[in-house]
Amino acid sequence: MAKLPKEPSSSEITPESAYLRRREFIRNAALFTATATGVGGSVVLLGGAGPLGSDGGAKAPAPVVQGPAAAGPAAGNQTAESEMGTYTKNAMYRVEEKQNSFEEITSYNNFYEFGTDKTDPAKNAHTLKTKPWTIQVEGETAKPRTIGMEDIRQWFSLEERVYRMRCVEAWSMVIPWLGFPLADLIKKLEPTSKAKYVAFATLVRPEEMPGQRHSILDWPYVEGLRIDEATHPLAFMAVGLYGKELPNQNGAPIRLVTPWKYGFKGCKSIVKIRFTEKEPPTTWNLAAPSEYGFYANVNPDHDHPRWSQKTERRIGEWKRRATLPFNGYADQVASLYSGMDLHRYF
Amino acid sequence: MAPPHPWLKPGVIAGACIPAAVIVTRATTGNLGANPITEALNRFGLCALIFLMASLALTPLKLVTGWTWTVRIRRNVGVIAFCYASVHLLTYVGVDQGFAWGTLFQDVLKRPFIAVGFLAWLILLPLAITSTDGMVKKLGFVRWKQVHRLAYVAGALGALHFYMRVKSDVREPLIYAAVLGTLLVLRVVDAIRNPKPKPKPRAAPRPEPG
């Protein structure tokens, strides 16, 4: 005998009223989804959670390091081969802290010429043409002239220096720069005895630097150092990092690195070097004189008017760490400022 | 009887959770850039400002379009803005500063932009607390409405907080300030064109504040 299907219990039966409203239910569900998507989507698009530039640069291959036996100018220095040729790893200027990754260093940048978001330079800097490249040398020099980038590269052998970089915005990185001492370059440029300062200027080319189409800052970006600061052995000209050509977003083809000062002193994509008798104007000082001084030495005791400089976030770390006077380079550079009121000359 | 558009409030609330989910997912999967804490902090703050502006835009939207549904979600959107502002504040206090109360206390006193942001949150707090139907009844609708006009002050402080934070490119904060100004102008124009009769004492509370 065939079993008759059991009659469903009354609790399983959809009430007629609900059955009749099934279309309404579906409609409401659809409208709910549309509303949620609309609200969430528009806030995300307005920038509340929007996309980041993902092309933060490829991972750098680790440079091949040869043994310490390989010739180097100073004892303990190693040499390495890279696309930049052979370079020395200068053991004297090597912070023994975890280095930030190539990805971090090349995807999180302040370079307003390419936009004000940290990810803008990595997104936009590919348009910059760095070849050919010349630097105009002028002012208090025995030989005003225009020098090609190739000449500069031929003058100096490259060395790697691992420096801390402390941004005025209270974050920091550890970066293996590739370049040569600024002092060596200055010697070649033959400043006169009247040269008390050296000024740097970044390229102005709005068609390749989209940030320059807006007057966010006064272009060109200008920076400067006192001549004794510029000839200090720590002051460095970088043409690469992690053994590779300097990526555009980091200031290709040549930039200044002064690790005891806030990062904004590090003028990028330099096209002009001018020796002067008087203190040259500097971009951030012009933009907000009460917030950014000419010296801009890292100083945990001198707060930015809008935030504390006592601590910093090392990119990649969870907890903030204490900021060190002169970014940890006090024993090397503090004497440059002896007798100066560092709150007045901040 | 079920209210019209039963999907509206749940839809708005669910949608409001999406940006938070996106931010948290990106931050925890390494997709929020090299400095995820600062990035998340900024984005939560921006979400708070966006939802606050949206809540303030709903009444003018009703005035312009005649739609009435806008005012039914107004309190929800305001509470959402408060939630984002609170997450923004907690991210700063807890994640960014690691509950270093000494530094935090100094920051509020010494740094106008932090004080301004904190003040905006302090104004939103009682507004969020009094956003329930029960509180509307308890305060009386007229008084409730007067108190909740403070949302405009919070919005202005929020935009100012943003303006004071950026280093030099003030275009984006100015957009928010302009939006807020426009909304305020719409309200003022409406108040002039349609002067409301003095409310009778103890007017019967409406079920949904308009």
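For the structure, check the block above.
Residues numbered from 1 in each chain as written. Chains lettered and ligands numbered in written order. Predicted model: local features only at pLDDT ≥ 70, side-chain atom pairs only at ≥ 80, totals over all residues.

Caption draft 1: How the structure looks around the overall build of chain A. Helix and strand content of chain A: 9 helices and 15 strands. Compactness check: chain A gives a C-alpha radius of gyration of 28 Å against a globular reference of 20 Å for 346 residues, more than 25% above the reference. Going through the 346 residues of chain A one by one, you find that 42% of them count as buried. Sequence separation of at least 24 residues holds for 67% of the intrachain contacts in chain A that already meet a minimum separation of 6. (Helix = DSSP H or I, 4+ residues; strand = E, 2+ residues; numbered from the N terminus. Rg over C-alpha atoms; globule rule 2.2 N^0.38 Å. Buried ≥ 20, exposed ≤ 12 C-beta atoms within 10 Å, placed from the backbone. Contact = placed C-beta atoms within 7 Å.)

Caption draft 2: Up close: helix α1 (residues 8–28) of chain B. With 21 residues, α1(B) should cover 30 Å at 1.5 Å per step; its first-to-last C-alpha distance of 31 Å lies within 8% of that length. In the segment just after α1(B), B:Gly30 is the residue with positive phi, at about 75 degrees. (Expected span 1.5 Å × (residues − 1).)

Caption draft 3: Region of interest: unusual backbone geometry. The residue after A:Lys131, namely A:Pro132, is reached through a cis peptide bond having omega 0 degrees. Positive phi, close to 70 degrees, is recorded for A:Ala170, a residue that is not glycine. For A:Ala170, the position within the fold is in the loop between β6 (158–166) and β7 (171–181). For A:Ala170, a count of 19 C-beta atoms within 10 Å gives the class partly exposed. Its identity as a non-glycine residue notwithstanding, B:Phe99 has a phi of 55 degrees, on the positive side. Tracing the backbone through its elements, the reader meets B:Phe99 in the loop between α4 (74–96) and α5 (101–110). Using a count of 9 C-beta atoms within 10 Å as the deciding quantity, one classes B:Phe99 as exposed.

Caption draft 4: Looking closely at the pairing of strand β9 (residues 222–226) of chain A. Residue and element names in this part refer to chain A. Most of β9 sits out of view: 4 of its 5 residues are buried. Pairing of strand β8 (residues 197–202) with β9 involves 5 bridges; the strand directions are antiparallel. Counterpart to Ala199 in the pairing with β9 is Gly224. (Pairing = 2+ DSSP bridges.)

Caption draft 5: Structural detail: the interface of chain B and chain A. Taken together, the contact pairs 32 residues of chain B with 33 residues of chain A. Contributions of two or more residues to the side of chain B that touches chain A are made by α1, α2 (36–65) and α5 of chain B. If one sorts the elements of the side of chain B that touches chain A by residue count, α1(B) sits on top with 11 residues. Residues belonging to the side of chain B that touches chain A are distributed by class as follows: 19 nonpolar, 9 polar and 4 charged. (Nonpolar A, V, L, I, M, F, W, Y, C, P; charged D, E, K, R; others polar.)

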